[in-house]
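Okay, here's what each chain looks like letter by letter:
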Amino acid sequence: FNKAAIAVQVERDVGIGSPGFQARAPRVEVLQNLSAGSGAATFLMKDLDSGKRFVRKACALHGHGDTLKRLQAQKQCIERYSLYPCKPPLVPRILAESEDSLEYYFDLEFLEGYKELAEYPRDEQLRAVTAILPHLEKTAFQGRWPAPSTWLEDHLQT
């Protein structure tokens, strides 16, 4: 990751040598590369100051227009799914979003102890999907896409 400049409003006639002025880049460490086949880079990261882990999804801006659009659409889907009232939530919270001259990324909270739906037995997958799809049709899918048909079943079979 490239360290980017941080904008700071400096008090007039005091300058950057004043006692309260501290500008520093966030200190993060890449713990694991979670990238799959989407074209975007996905990393499990750790904030070295707080010790908290998070997931960063990133894409270079130049030469990756399709990947960038998919990544931004994915963020919008996460925002939409986050509106669905569910305990525990269906999706992780979006912690930050940034775009500079080289890359676009967004950070997600890291959910400890969650398992992917694909890791459960097939009958449990179907029971979970059958229970949640009618609710999602009324909330998350409203106005964006038509109600899902076979896309989810096709996805689970691959």
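See the structure above.
The written sequence of each chain sets the order in which its residues are numbered from 1. Selection of residues for local features in this predicted model requires a pLDDT of at least 70, selection of side-chain atom pairs for listing and counting requires 80 or more, and totals for whole chains, interfaces and linings are taken over all residues. As a convention, hydrogens and water are excluded, and side-chain values are obtained from all of the structure's heavy atoms.

(A) Main features of the side chain of Thr 42. Residue placement: Thr 42 occurs in strand S2 (residues 41–47). A 3.5 Å cut-off defines polar contacts: any pair of N or O atoms within that distance qualifies, except that in protein one atom must be a possible hydrogen donor and the other a possible acceptor, and neighbouring residues in sequence count only when both atoms are side-chain atoms. Among the polar contacts made by the side chain of Thr 42, one reaches the side chain of Lys 57 at a distance of 3.4 Å. Residues count as neighbours in contact if any of their non-hydrogen atoms are within 4.5 Å of one another. Ignoring anything within four residues of it in the chain, the contact list for Thr 42 reads Gln 32, Asn 33, Leu 34, Ser 35, Val 55, Arg 56 and Lys 57. What counts as a helix is a DSSP run of H or I of at least four residues, what counts as a strand is a run of E of at least two, and both are numbered from the N terminus.

(B) Region of the structure containing the environment of Tyr 120. Tracing the sequence through the fold places Tyr 120 in the loop between strand S5 (103–109) and helix H2 (122–138). Residue burial is assigned from relative accessible area. The probe radius is 1.4 Å, only protein chains are included, and a residue is buried under 20% of its type maximum, exposed over 50%, and partly exposed in between. Exposure remark for Tyr 120: the relative accessible area of 31% places this residue in the partly exposed category. Residue contacts for Tyr 120: discarding those within four places in its chain leaves Lys 115 and Gln 125.

(C) Seen up close, the packing of aromatic side chains. Pairing of aromatic side chains requires ring centres within 6.5 Å, counting the rings of Phe and Tyr and the six-membered ring of Trp. Pairs whose planes differ by under 30 degrees are stacked, by over 60 edge-to-face, and all others tilted. The tally for this structure, following the rule as stated, stands at one aromatic pair. On the numbers, 6.4 Å between centres and 55° between planes, the contact of Tyr 104 with Phe 106 is tilted. Accessibility classification places Tyr 104 together with Phe 106 in one group, the buried group. Comment: the charge-over-ring label is applied if NZ (Lys) or CZ (Arg) is within 6 Å of the ring centre and within 35 degrees of the ring normal. Lying across the ring of Tyr 105, Arg 56 places its NZ or CZ 3.8 Å from the centre. Over the face of the ring belonging to Tyr 81 we find Arg 80, whose NZ or CZ atom lies 5.8 Å from the ring centre.

(D) View of the nonpolar core. Leu 68, Leu 71, Ile 78, Tyr 104, Phe 106 and Leu 108 are the most contacted members of the largest nonpolar core, which has 14 residues in total. Here this core takes five residues from helix H1 (residues 65–81), the largest share from any one element. Filtering out sequence-adjacent residues up to four positions away, Leu 68 remains in contact with Cys 59, Leu 61 and Tyr 104. We call a set of buried Ala, Val, Leu, Ile, Met, Phe, Trp, Tyr and Cys residues a nonpolar core when their side-chain atoms join them within 4.5 Å.

Read these as geometric descriptors, not functional statements.
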